[in-house]
Amino acid sequence: MSEAKTPRPTVAAPAPASIAADGSPAAVRSTAFGGITLSWDKLLTTVPIYIGLIVIWLYFDSQTAGKFIGARNLSEMAQEFSYEAVLAIGVVFVLLLGEIDLSLGYLTLLSVALTASFSALSQYSAGVSILLAIVICTLCGLLQGMLIAWVRMPSFVVTLGGFLIFEGIAYHILAGSTINVFDPFISSIGTYYLSNTVSWIVAVIVVAAYVLAKVANYRARAKAGLPHAPVARTVAAAIAIGVVLAIIVATLNSYRGVPVALAILAAFTIVFWFFASKLQIGRRIYAVGGNLEAARRAGINTTAVRWLVFGISGMMAGVAGVMLVGYSAAGSTTTAGPDLLLDVISIAVIGGVSLTGGKGTVWAVLLGGLVIASLDSGLNLMATDPYYVYVIKGAILLAAIGIDVIGKRSSGFSWLRRRTARA
Amino acid sequence: MQSEAPSYSRATAEEPLLQVRGLVKNFGAVEALRGVDFEASVGQVTALLGDNGAGKSTLIKCIAGTHVPDGGEILLGGAPQHFRTPIDATRAGIETVYQDLALCDNLDVVANLFLGREEGQTLIPGVVRTLDEEDMEKRASEALSTLRINIPSVRNQVAQLSGGQRQSIAVAKAVLWSPQVVILDEPTAALGVAQTRQVLDLVLRLRERGLAVIVITHNMVDVFEVADRASVMRLGSRVASFNIKEVTPDDVVAAITGSRSFETVAQA
Ligand SMILES: Nc1ncnc2c1ncn2[C@@H]1O[C@H](COP(=O)(O)OP(=O)(O)OP(=O)(O)O)[C@@H](O)[C@H]1O
Ligand SMILES: [Mg+2]
């Protein structure tokens, strides 16, 4: 990353603060996540999704005689769909750039094929098999990123090529058969559960970490003489997080516990959210997605940023493939494919990531993932014709993109309103 | 056409901070700059005028490091400069506010001011450095209040700001790093009356702070409100250089359109 840092600031730098965290002046009607502001308008566009989620949950529950909102079904949903949300983390970054990665479905299948064949055919240890699969997929992503960032080929075309290439290699490795994987560690990723106690401890740690980060943030802002959000709001947020986590853990514990796959998803989400909103590189990804030319003129190495993002995308496909092998204890040509791509793009867009770049957060994968998993699971419980499922999912994707576009337009109007009000 | 031309003299006795001598830039067969001289002094606003295609943008792009000139020299404080990228010019203390502003609408004001120069702090020594939001926010607020730029909050997304506020943020972004020379490309072109006023006041404040300010504009009112000197370009050459106090708008327009010929005051 090229640096344009010139050590001649206009104003004297105040004492360094201890931790970066979000926060906005109480006067402002929005919540700032570092430089990425979650505006009121954006919040309004996510409300229909929460309402929609409640509606589909109640509908499926009534259609399945209470089976849908049950600990067992929710646990299975988490088990079965966490890998899609993990894959969607990579998609979020690609969409933040305003690019697209069409190769992800087959890159995930390639990861499945590699993990299965390394573990079952080459008899490598679980660690080596997993690491090799993820590294190879990351390299595949970086290779595509190289063509996109350096050669400046459109991502749509490059990843369409990747789509075919990865399909071909994966099919070649699998050779039309199913590779059964007996490695207990790999299976544990997809089929095991955390013990009840561990889940509770992790939940408590998460809430404590949130509170500590907030306290550090308040201290830092006070030290810098900046206004901070009302304490009541932060306390309410901490309680809300605690309650939600408690409900999730209690519910899942009442069946078999928190699936390992869900814990993996939670860990990746937190790590990548931190990466995106608290680190310089994350800020630069948003900048490149928001205004490529501005980022370039600001001295940001936009080529490297774009390259890195496709590497992340490839890496997450690698991880998702490993999780899939863990879940199905096997790899075959039907384990993953292009349908997956539609699901993960839906997940990101439903979660509030804009296709035009620069807007959205990694948290999107949890909300979007829940919606897509609910649909899949509910329609499956109702024994819906799978062809209708395609139609419904396609319609949902279009609806989510529609909301994104209309939401942007309405925030455009409110900008106009503010402007005329000020003049 | 008219025999009686006003007498033009150099406004400052001291050596100009920025001096451009005989700059040449060709785009294939197009001679965009044919040996242009130009200068800007500290504590002065220099207007760069000329009709469309005169070569104004090309000249400032050479000064800002976006274009590498084919001939001539650029001196800063008497020292020759060889900018190959915009970052070279920035390091030398030349900041440019482009007409299209170069702001990221999806980021807030603080993030835009520190774009590409984000401040960090150590979270895990040697491993993780996080953004120092508090320090950046504090410095951003201070810089904006020094320039008397009013916005509801530095945590507002740039997309939510008015045109004048956006222009002001773009200027603040340029001066945050204490440059010696600030170049503004048509800063008031898209603004209404009140917002134009706001930006012109800001330009005057930059002058008060002792910067050498260069303003490209097509607006004669702006020129006479804020400029100390004006250089007029036509067809890739500088055709005139005025002390604004000694001329009328008609003189300037005549120089731009070429309806009168002026003796270029190039020598010291
Ligand atoms: N990148 C380029 N490639 C080829 N020709 C160029 C390029 N940039 C500028 N020119 C040519 O150089 C000449 C000067 O252009 P320039 O943009 O500097 O004019 P200007 O004075 O800024 O005009 P305006 O007031 O319209 O912005 C024009 O003839 C233009 O067509
Ligand atoms: Mg121009």
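Residues numbered from 1 in each chain as written. Chains lettered and ligands numbered in written order. Predicted model: local features only at pLDDT ≥ 70, side-chain atom pairs only at ≥ 80, totals over all residues. Heavy atoms only, no water.

## Focus: the packing of helix α7 (residues 196-223) of chain A against helix α8 (residues 231-253) of chain A
Residue and element names in this part refer to chain A. Rule in force here: To obtain an axis, a line is fitted to C-alpha atoms, over the contacting stretch when the element is a helix, and the angle between two such axes runs from 0 to 180 degrees between their N-to-C directions. Going along the chain from the N terminus, every DSSP run of H or I of four or more residues is numbered as a helix, and every run of E of two or more is numbered as a strand. For classification, angles of less than 35 degrees are called roughly parallel, those exceeding 145 degrees roughly antiparallel, those between 65 and 115 degrees roughly perpendicular, and all remaining angles oblique. Contacts: residue pairs with any heavy atoms within 4.5 Å of one another. In this classification, the charged set is Asp, Glu, Lys and Arg, the nonpolar set is Ala, Val, Leu, Ile, Met, Phe, Trp, Tyr, Cys and Pro, and all remaining amino acids, among them Gly, are polar.
Packing of α7 against α8 leaves a shortest axis separation of 10 Å and a crossing angle of 170°. Between α7 and α8, the interaxial angle falls into the category roughly antiparallel. Residues Asn196, Ser199, Trp200, Ala203, Val206, Val207, Tyr210, Val211, Lys214 and Tyr218 of α7 form the contact with α8, whose own contacting residues are Val231, Thr234, Ala237, Ala238, Ile241, Gly242, Leu245, Ala246, Val249, Ala250 and Asn253. Looking at the contact of α7 with α8, its residues break down into 15 nonpolar, five polar and one charged.

## Examining the sheet that holds strand β3 (residues 44-50) of chain B
Residues and elements named next belong to chain B. Let me state the cut-off plainly: When DSSP locates at least two bridges between a pair of strands, those strands are taken to pair.
Judged by pairing direction, the sheet is mixed, and its six strands sit side by side in the order β6-β9-β10-β3-β11-β12 without closing on themselves. Across the chains shown, the open sheet's two edge strands, defined by having one partner strand only, are β6 (94-97) and β12 (237-243). Between one strand axis and the next, the sheet turns by 20° as a mean value, whatever way the strands run. Across four bridges, the pairing between β6 and strand β9 (residues 181-185) is parallel. Within β9, the position partnered with Ile94 by the bridge is Val181. Along the sheet face, helix α1 (residues 56-63) touches β3, β6, β9, β10 (212-216) and β11 (229-234) and points at about 135° away from the line of β3.

## Some points on the pattern of salt bridges
Our working rule: When a carboxyl oxygen of Asp or Glu is within 4 Å of a side-chain nitrogen of Lys or Arg, the pair counts as a salt bridge. Exposure categories follow from relative accessible area, calculated using a 1.4 Å probe and restricted to protein chains: below 20% of the type maximum is buried, above 50% is exposed, and the middle band is partly exposed.
Taken as a whole and judged by the stated rule, the model has 22 salt bridges over all chains. Of the charged contacts in the structure, one is a salt bridge between Arg283 of chain A and Glu133 of chain B, with a shortest N-O distance of 2.7 Å. Linking Arg283 of chain A in helix α10 (residues 280-290) with Glu133 of chain B in helix α4 (residues 133-146), this pair reaches from one chain into another. Accessibility classification places Arg283 of chain A together with Glu133 of chain B in one group, the buried group. Asp228 of chain B serves as the salt-bridge partner of Arg207 of chain B, at 2.8 Å between the closest nitrogen and oxygen. In this pair, Arg207 of chain B sits in helix α6 (residues 193-208) while Asp228 of chain B sits in the loop between α7 (220-226) and β11, placing the two residues 21 residues apart along the sequence. The exposure class of Asp228 of chain B is buried, given its relative accessible area of 10%. By sharing partners, the salt bridges in this structure join Arg221 and Arg283 of chain A together with Asp108, Glu133, Glu137 and Arg155 of chain B into a single network.

## Here we look at empty space enclosed by the protein
Selection criterion: In this analysis a 1.4 Å probe is tested at points of a 1 Å grid over the protein atoms alone, and where it fits but cannot get out there is a cavity; an open set with protein on both sides within 12 Å along at least five of seven lines is a pocket; lining residues have an atom within 4 Å of a point. Grid points are joined across faces, edges and corners, and a volume is the space filled by probe spheres set on the points.
Going through the model one piece at a time under the given rule, you end up with seven cavities of 30 Å³ or more. Reported here for the largest cavity is a volume of approximately 300 Å³. Around the largest cavity, the lining comprises 22 residues; the ones closest to its centre are Arg297 of chain A together with Thr90, Glu95, Thr96 and Tyr98 of chain B. Elements that contribute at least two residues to the lining of the largest cavity include exactly α2 (86-92), β6 and α5 (163-175) of chain B. For the lining of the largest cavity, a count of residues per class yields 15 nonpolar, three polar and four charged.

## Notes on the nonpolar core
Worth spelling out the cut-off: Take the buried Ala, Val, Leu, Ile, Met, Phe, Trp, Tyr and Cys residues and link them wherever side-chain atoms come within 4.5 Å; each set so joined is a nonpolar core.
The biggest cluster of nonpolar side chains holds 93 residues, and the ones touching the most others in it are Phe93, Phe272, Phe275, Ile285 and Val365 of chain A together with Leu115 of chain B. Residues contacting Phe275 of chain A, with those up to four places away along its chain left out, are Phe93, Ile281, Gly282, Ile285, Leu308 and Ile312 of chain A.

## Things to note about the site of ligand 1
All names here are of chain B. Selection rule: Any residue with a non-hydrogen atom lying within 4 Å of a molecule or strand is treated as near it. Whenever a nitrogen or oxygen atom comes within 3.5 Å of another N or O atom, the pair is scored as a polar contact, on the condition that within protein one atom can donate a hydrogen and the other can accept it, and that pairs from neighbouring residues in sequence are kept only if both atoms are in side chains. Residue-level accessible areas treat just the shown protein chains as cover; the underlying method is Shrake-Rupley with a 1.4 Å probe.
Close to ligand 1 lie Phe27, Val30, Ala32, Asp51, Asn52, Gly53, Ala54, Gly55, Lys56, Ser57, Thr58 and His218. Within the side chain of Lys56, a nitrogen or oxygen atom sits 2.7 Å from an oxygen atom of ligand 1. Contact between ligand 1 and Ser57: an oxygen atom at 2.8 Å from a side-chain N or O atom of the residue. Alone, ligand 1 offers 630 Å² of accessible surface; in the complex the protein occludes 61% of this. Sorting the residues of the shell around ligand 1 by element identifies β2 (30-40) and α1 as the ones contributing at least two each. At three residues, α1 tops the list of elements feeding residues into the shell around ligand 1. A breakdown of the residues in the shell around ligand 1 according to their chemical character gives four nonpolar, six polar and two charged.

## Remarks on the layout of surface pockets
All names here are of chain A. By volume, the second largest pocket amounts to about 690 Å³. Together, 26 residues line the second largest pocket, and Phe81, Asp343, Asp376, Val389 and Lys393 are the ones closest to its centre. Residue assignment for the lining of the second largest pocket shows that the elements contributing at least two residues are α2 (71-96), α13 (338-350), α14 (364-381) and α15 (386-422). When residues in the lining of the second largest pocket are grouped by element, the largest group, seven residues, is from α2. Here the lining of the second largest pocket is built from residues that sort into 13 nonpolar, six polar and seven charged.

## Looking at the packing of helix α4 (residues 126-149) of chain A against helix α12 (residues 302-328) of chain A
Residue and element names in this part refer to chain A. We apply this condition: Each crossing is labelled by how the near helix is turned from the far one, with a counterclockwise turn of less than a right angle marking it left-handed and a clockwise turn marking it right-handed.
The N-to-C vectors of α4 and α12 enclose an angle of 150°; their axes lie 7 Å apart at closest approach. By the angle class used here, α4 and α12 are roughly antiparallel. Remark: the crossing between α4 and α12 carries right-handed chirality. In contact with Ile130, Ala133, Ile134, Cys137, Thr138, Gly141, Leu142, Gly145, Met146, Ile148 and Ala149 of α4, α12 contributes Thr303, Arg306, Trp307, Phe310, Gly311, Gly314, Met315, Gly318, Val319 and Val322.

## Re unusual backbone geometry
A positive phi angle, close to 55°, is found at Ala383 of chain A, a residue other than glycine. Note on placement: Ala383 of chain A falls in the loop between α14 and α15. By relative accessible area, Ala383 of chain A is classed as exposed at 63%. Backbone geometry at Ser178 of chain B places phi at a positive 50°, although glycine is not the residue there. Among the secondary structure elements, Ser178 of chain B is positioned in the loop between α5 and β9.

## Observations concerning the packing of aromatic side chains
Quick note on the threshold: Each Phe, Tyr or Trp ring, with Trp reduced to its six-membered ring, pairs with another whose centre is within 6.5 Å; inter-plane angles below 30 degrees give stacked pairs, above 60 give edge-to-face pairs, and intermediate values give tilted ones. Definition used: whenever NZ (Lys) or CZ (Arg) falls within 6 Å of the ring centre and also within 35 degrees of the ring normal, the charge is taken to sit over that ring.
Under the definition given, this model contains 13 aromatic pairs over all chains. Seen in terms of ring centroids, Phe268 of chain A and Phe272 of chain A are 6.3 Å apart; in terms of plane orientation they differ by 20°. Their pairing is stacked. One end of the pair is Phe268 of chain A and the other is Phe272 of chain A, both in helix α9 (residues 260-278) and four residues apart, which spans about a single turn. Owing to a relative accessible area of 22%, Phe268 of chain A belongs among the partly exposed residues under this scheme. Of the residues examined, Phe272 of chain A reaches a relative accessible area of 7% and is grouped as buried. Feature note: the residues Trp57, Tyr59, Phe60 and Phe68 of chain A constitute an aromatic cluster, connected by ring pairs. Positioned over the ring face of Tyr98 of chain B is Arg297 of chain A, at 4.1 Å from the centre of the ring.

## So, the sheet that holds strand β1 (residues 18-27) of chain B
Residues and elements named next belong to chain B. Pairing is antiparallel across the open sheet formed by four strands, whose spatial order is β2-β1-β4-β5. Only two strands of the sheet have a single partner each, and these edge strands are β2 and β5 (79-81). Each strand axis lies, on average, 30° off the axis of its neighbour in the sheet, ignoring direction. Strand direction decides the pairing type here: strand β4 (residues 71-76) and β5, joined by three bridges, are antiparallel.

## Details of helix α8 (residues 249-257) of chain B
All names here are of chain B. Burial in α8 covers these residues: Asp251, Val252, Ala254, Ala255 and Ile256. Where α8 is buried, its residues touch β3, α7, β11 and β12. Backbone geometry just downstream of α8 places Gly258 in the positive-phi region, at approximately 80°.

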